[in-house]
Amino acid sequence: MNVNTIANKVAAGGRIDAAEALTLYSGAPTALLGRLADDIRARKHPERVVTYIIDRNVNYTNICVARCNFCAFYRPVGSGDGYVLGFEEIFRKIDETIALGGGQLLLQGGHNPDLPLEWYVDLFRAVKSRYPVFRLHALSPPEVVHISRLSRLPVPEVIDRLIGAGLDSIPGGGAEILVDRVRRLLNCYGKATAEEWLGVMRHAHQAGLRTTATMMYGTVETLDERIEHMIRLRELQDETGGFTAFITWSYQPEHTELGGGEATGVDYLRTLALARIVLDNFDNLQASWVTQGGKVGQLSLACGANDMGSVMIEENVVRAAGASYCMDEIEIVRNVENAGFTAKRRNMHYEILGDPIFRERAVPRMLHLAVARADGDTSRSPEVGRYAARSAAEKKARLTGH
Ligand code: SF4
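Every value quoted in this text rests on a predicted model; they were computed, and no experiment measured them.

Chemist: What's the story with the overall build of the chain in this structure? I'm lost.
Modeler: Helices and strands together make up the secondary structure of the chain, namely 15 helices and 11 strands. Relative to the 2.2 N^0.38 estimate, which gives 21 Å for 402 residues, the radius of gyration of the chain is 21 Å and therefore close to what a compact globule would have. Considered along the principal axes of its C-alpha atoms, the chain spans approximately 70 × 50 × 40 Å. Here the chain holds 402 residues, and the buried ones make up 58% of them. Long-range contacts, defined here as pairs at least 24 residues apart, represent 76% of the contacts in the chain between residues at least 6 apart. Summing over all exposed atoms, the chain offers an accessible surface of approximately 15,900 Å²; the carbon and sulfur share of this is 52%.

Written out as structure tokens, the structure reads:
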């Protein structure tokens, strides 16, 4: 099939296969790809509402044994820069989030061998007993796999225990590209294979949780593999219907072992538009302004995105790799309205919560993203010592007090 035939098929609401997606991505002008994606966005969201959520990206630990070569965030076990947040520190972040109108933490972290399943269960219980209606969107599939291996419990049981403690939904992080050739080259095959990532999501959906799906592109994958990733997500969505949204962003190379360059803005918009076309069973696509900046984030609304993601308050992972864009609620709404849409607050389930909160009450401006911890704060989490240490570095730290 040629580009025009495939474009007509998409315009008529047809589903395209991997070969057709590759032909379209390789041959269609950006304006055509954008128009096809925008038409799908308009069919799915004819009311011209663009949503966003107020929440906070909290990374509970940066200590990680996975050592993905694209990651600038992690610190090895025993590093002087390694941290685990204490429960009180997390409560303070929740208080600040609530003050800004937020109702959820996006809680993710490194694969820390000294945090057993009980640490997560105790943290979730403590949060829910103090903030009963606050939501925990927590633990990407590789973290769940890591906890399952540490605790020697199967993934479904780990998910059930976490749900019992207060887990509300699972973020789609750690997917990178769901093709094992790519995962081996990125040194992230060990943390979770493509099948393991999809397996966690399948179990989560079967247990009644909604989750998101992501794609980090622009490292070592071919276009075929980028498309294979989308098709694998589409197949699981056909099976379970549990994904609420898809988010894609480009690899951020600064301070990483892998190095290399960053994909361009046009590549981002084309990839986003293609995802909108291929993922015909996903209701929502987010614009990744945190990696692409506000201006490309705004252009995403013309290429298939119907959601501006998060007023995220705090961000540590992308910043470590060199990107440090910040938009508070006022700035996100300005970009949405300037693009001709109505901005509405939502929750993780994409239920509309209302109009922008700053139009209802005074909220502080947030012109810089917060960080996990202030520079120089090397305090130890008081809770970690309640659980048996597994790593030699943690055992030594407990003996010496450092
Ligand atoms: S991407 Fe996640 S799992 Fe990989 S090294 Fe970084 S923190 Fe660890």
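Chemist: So what exactly am I meant to see when it comes to the pairing of strand S10 (residues 342-346) here?
Modeler: A regular strand places its side chains so that they alternate between the two faces of the sheet. Sheet topology places strand S1 (residues 49-54) next to S10; four bridges connect them, and they run parallel. If you follow Val 50 over to S10, its bridge partner there is Ala 343. In the sheet, S10 pairs with strand S11 (residues 352-354) via two bridges, with the strands oriented antiparallel. Along S11, the bridge assignment pairs Arg 345 with Gly 354. What sits between the antiparallel neighbours S10 and S11 is a turn of five residues, in which Tyr 350 has the positive phi angle 65 degrees.

Chemist: Got a minute to help me understand helix H3 (residues 30-44) in this structure?
Modeler: At 3.6 residues per turn, the α-helix brings residues three or four places apart onto the same side. In a regular helix each residue adds 1.5 Å, so 15 residues correspond to 21 Å; H3 covers 21 Å between its end C-alpha atoms and thus fits that length. Listed in full, the buried residues belonging to H3 are Leu 32, Leu 33, Gly 34, Leu 36, Ala 37, Ile 40 and Arg 41. In the core, the buried residues of H3 are packed alongside helix H1 (3-11), helix H2 (18-27) and helix H11 (265-278).

Chemist: Explain the site of the ligand here, please?
Modeler: Around the ligand sit Cys 64, Ala 66, Arg 67, Cys 68, Phe 70, Cys 71, Tyr 74, Gly 110, His 111 and Lys 191, and those are all the residues in its vicinity. A per-class count over the shell around the ligand returns six nonpolar, two polar and two charged.

Chemist: Which parts of the structure should I look at to understand the environment of Met 230?
Modeler: Summarising the element assignment, Met 230 is placed in helix H10 (residues 223-240). Considering only alpha carbons, one finds Met 230 and Met 348, 118 residues apart in sequence, at a separation of 21 Å. In this view, Met 230 contacts Met 215, Thr 271, Leu 274, Ala 275, Val 278 and Leu 279; residues no more than four positions away in its chain are not counted.

Chemist: Which parts of the structure should I look at to understand the layout of surface pockets?
Modeler: A volume near 990 Å³ is recorded for the largest pocket. Looking at the lining of the largest pocket, the elements that each hand over two or more residues are helix H13 (317-320) and helix H15 (392-400). Sort the elements by how many residues they give to the lining of the largest pocket and H15 lands first, with five residues. Taken together, the residues of the lining of the largest pocket break down into 13 nonpolar, 14 polar and 10 charged. Looking at the second largest pocket, its volume works out to about 270 Å³. The wall of the second largest pocket is formed by 17 residues, among which Gly 102, Gly 103, Gln 104, Arg 135 and Leu 353 lie closest to the centre. Of all the secondary-structure elements, those providing two or more residues to the lining of the second largest pocket are S1 and S10. A per-element tally of the lining of the second largest pocket places S1 first, with three residues. Along the lines of polarity and charge, the residues of the lining of the second largest pocket split into nine nonpolar, five polar and three charged.

Definitions and cut-offs
- Residues numbered from 1 in each chain as written.
- Predicted model: local features only at pLDDT ≥ 70, side-chain atom pairs only at ≥ 80, totals over all residues.
- Heavy atoms only, no water.
- Helix = DSSP H or I, 4+ residues; strand = E, 2+ residues; numbered from the N terminus.
- Rg over C-alpha atoms; globule rule 2.2 N^0.38 Å.
- Buried < 20%, exposed > 50% of the residue type's maximum accessible area, 1.4 Å probe, protein only.
- Contact = heavy atoms within 4.5 Å.
- Areas by Shrake-Rupley, 256 points an atom, 1.4 Å probe, with all protein chains shown as cover.
- Pairing = 2+ DSSP bridges.
- Expected span 1.5 Å × (residues − 1).
- Near = heavy atom within 4 Å.
- Nonpolar A, V, L, I, M, F, W, Y, C, P; charged D, E, K, R; others polar.
- 1 Å grid on protein atoms, 1.4 Å probe; cavity = no way out; pocket = protein on both sides within 12 Å on 5 of 7 lines; lining within 4 Å.
- Points joined across faces, edges and corners; volume = space filled by probe spheres on them.

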